[in-house]
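# Topology and contacts: notes
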Amino acid sequence: MNCRSCGNFSKYSFLDLGHSPPSNAFLKKKKDMEKVYPLKIFFCEYCYLVQTHDFASRRELFNNDYVYFSGFSKTWINHLKKFVRILENKLFLNKNSFVVEIASNDGTLQDILSKKNYKSLGIEPTDSTAKVAEAKGLSVIKKFFGKNLAISLKKKNFKADLIVANNVLAHVPKINDFISGLKILLKSKGIITIEFQHLMNIIKKNQFDTIYHEHYSYLSLNSAKNIFLKHDLEIFDAEKLSTHGGSLRIFIKHSSDLSKKISKRFKQILKEEKTFGLDRIDVYRNFQTKVENVRKDFLNFLNESKKNKKKLCAYGAAAKGNTFFNFLGIKSTHIPFIIDKNPFKIGKYLPGSKIIVKDEKFLIKNKPDYILIVPWNLKNEIIKQLSYTKKWKAKFITAIPNIKIF
Ligand SMILES: [Zn+2]
């Protein structure tokens, strides 16, 4: 396929996760029909972008029934509060700042900003989440962001001092169109901050479950640098974050804006990526084998626990669980139910595996012996929240980077 960043023909496919439905396509009924698509990952030897082969359309993936709401995780809310303090300390936010947040979801960040009296505009294409933001009194444009939307905002005299785009760049099929929109919307001395899951961690820590149809690109600092440069935008700072199993936060300016210095830590991370080999095919070669070992070990565990008549359940119906369950071939006969706090998910079935989503009362009633924590990135928060399960000696499991029981 042609690389979505540089357009060159990219022939190196290093991971095949079989066929799976879109990760957020929860089913209302167990018998509902679902579409499955091949989930294959490529590496571009020219610009170093790792990406999926596109099969599913964007409208199909981010529709009105979209079920990811950022406001359900305390860890994430705290992360955003800290982020706002960093922006204030770096003087990227002041009383007059106009902030545009792309993929503003349920308005969790906008809410924090508005409580501090900052003006913000959210852009969010999924109706289910945008409605929650609007109910909080926040301004939201319910559209996909791209060059056309940026032009129409500019015509209405909207120009941003700060553009925030957290965990969205990977979700964008036409990445060049998206970035040219950022360029248009940004004031000459403004900055863009973007967070994305760092490819280096995906490879290093076997995080194959974060690969799904809704994620089109898997970025490194190096591949991101290359894409932005094409649009006369320059990354001038980068920092490592612990969110989503290891993310990067990058700070971007217009190339013509010479008032901001290129940071040492930005150069340091680029160097680390080079040493690790993210720009070379070799590093991707044995990833499939590592992923298959995770599958083997977890299936062994399932067989053992079945033999010993242990009761199992999962916690956290996050998108990553669906890649995991579907790649492993796990069904409701292995894991009969999964617990989640999100009322939009409760009572529905996971795509592919068709495991039913239940609320926490169901967990207390059933007292399982093992609880698989699906969003391993929120492990500490979940264990604390479920500490009462110790009463019946329940054990927690995480499967990535390899199986752990505690
Ligand atoms: Zn490329």
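Notes on the structure follow. These figures come from a predicted structure and were not determined experimentally.

### Overview of the sheet that holds strand β2 (residues 37–43)
Sheets are built from strands that pair by backbone hydrogen bonding, the pairs being arranged parallel or antiparallel. Across the sheet, four strands lie side by side as β1-β2-β3-β9; this open sheet has antiparallel pairing. A strand with exactly one partner marks an edge of an open sheet, and here the two such strands are β1 (12–20) and β9 (217–218). With three bridges connecting them, β2 and strand β3 (residues 50–52) associate as antiparallel partners. Counterpart to F43 in the pairing with β3 is V50.

### Observations regarding the coordination of the zinc ion
Four donors placed tetrahedrally around a metal ideally meet at 109.5 degrees, and six donors placed octahedrally ideally meet at 90 or 180 degrees. Surrounding the zinc ion are the protein donor atoms C3 (SG), C6 (SG), C44 (SG) and C47 (SG), at 2.3 Å. Geometry at the zinc ion is tetrahedral, judged from its four donor atoms and the angles of 101 to 115° they form at the metal. Ordering the donors of the zinc ion by residue number gives the pattern C-x2-C-x37-C-x2-C. One end of the pair, C3, is in the segment before β1; the other, C47, is in the loop between β2 and β3, and 44 residues separate them in sequence. Here C3 matches C47 in class, with each residue buried.

### So, helix α12 (residues 319–328)
With ten of ten residues buried, α12 is to be regarded as a mostly interior element. For α12, the full list of buried residues reads A319, K320, G321, N322, T323, F324, F325, N326, F327 and L328. Against β1, β2, α11 (287–307), β12 (312–315), β13 (337–339) and β15 (370–373) lie the buried residues of α12. G329, located one to two residues past α12, shows a positive phi value of around 75°.

### A few points about the sheet that holds β12
Pairing is mixed across the open sheet formed by six strands, whose spatial order is β14-β13-β12-β15-β16-β17. The strands lining the two open edges of the sheet, one partner per strand, are β14 (356–358) and β17 (404–405).

### Observations regarding the pairing of strand β7 (residues 160–166)
Of all seven residues making up β7, six are buried, and the element is well covered by its neighbours. Bridge count for strand β4 (residues 98–102) against β7 is three bridges, and the pairing is parallel. Residue V100 lies in a different strand from β7, and its bridge partner there is I163. The pairing of β7 with strand β8 (residues 186–197) spans six bridges and is classified as parallel. Across the sheet, A165 pairs through a bridge with I194, a residue of β8. The handedness of the β7 to β8 crossover, carried by helix α6 (residues 175–185), is right-handed.

### A word on the pattern of salt bridges
One pass over the structure, following the stated rule, counts 19 salt bridges. The salt bridge partner of E239 is R249, with a shortest N-O separation of 3.0 Å. Here the residue E239 occupies a position in strand β10 (residues 233–241), and R249 occupies one in strand β11 (residues 247–254), the gap between them amounting to ten residues. Taking relative accessible area as the criterion, R249 reaches 2% and is therefore assigned buried. A salt bridge links E272 to K240, with the shortest nitrogen-to-oxygen separation between them at 2.5 Å. Taken together, the residues E272 in helix α9 (residues 264–276) and K240 in strand β10 connect sequence positions 32 residues apart.

### What to know about the nonpolar core
Inside soluble globular proteins, nonpolar side chains tend to come together where they are buried. Grouped together as the largest cluster of nonpolar side chains are 45 residues, with contacts concentrated most on F14, F208, Y284, F298, F324, F325 and L372. The leading source of residues in this core is α11, at six residues. Beyond its immediate stretch of four places on either side in the chain, F324 contacts F208, D209, V294, F298, I330, L372, A399 and I400. Core analysis: the second largest hydrophobic core is formed by 43 residues, F145, I194, L219 and L233 among them.

### So, the side chain of T129
Along the chain, the position of T129 falls in helix α4 (residues 127–135). A polar side-chain atom of T129 sits 2.5 Å from a polar atom in the side chain of T126.

### What about the packing of helix α2 (residues 74–89) against helix α3 (residues 108–115)?
The geometry of α2 relative to α3 is characterised by a closest axis approach of 10 Å and an angle of 45° between their N-to-C directions. Compared by their axis directions, α2 and α3 come out oblique. When you trace α2 past α3, the crossing you get is right-handed. Here I77, L80, K81, F83 and V84 of α2 come into contact with α3, specifically with T108, L109, I112 and L113. Looking at the contact of α2 with α3 residue by residue, the classes come out as seven nonpolar, one polar and one charged.

Conventions used here
- Residues numbered from 1 in each chain as written.
- Predicted model: local features only at pLDDT ≥ 70, side-chain atom pairs only at ≥ 80, totals over all residues.
- Heavy atoms only, no water.
- Pairing = 2+ DSSP bridges.
- Helix = DSSP H or I, 4+ residues; strand = E, 2+ residues; numbered from the N terminus.
- Donors = N, O, S within 2.8 Å, 3.2 Å for Na, K, Ca; no water.
- Tetrahedral: all angles 85-135°; square planar, octahedral: opposite > 155°, others 65-115°.
- Buried < 20%, exposed > 50% of the residue type's maximum accessible area, 1.4 Å probe, protein only.
- Contact = heavy atoms within 4.5 Å.
- Right-handed = clockwise from strand over helix to strand, strands pointing away.
- Salt bridge = Lys/Arg side-chain N within 4 Å of Asp/Glu carboxyl O.
- Core = buried A, V, L, I, M, F, W, Y, C linked by side-chain atoms within 4.5 Å.
- Polar contact = N/O pair within 3.5 Å; in protein donor to acceptor, adjacent residues only side chain to side chain.
- Axes fitted to C-alpha atoms, helices over the stretch in contact; angles between N-to-C directions.
- Parallel < 35°, antiparallel > 145°, perpendicular 65-115°, else oblique.
- Left-handed = near helix turned anticlockwise from the far one by under 90°.
- Nonpolar A, V, L, I, M, F, W, Y, C, P; charged D, E, K, R; others polar.

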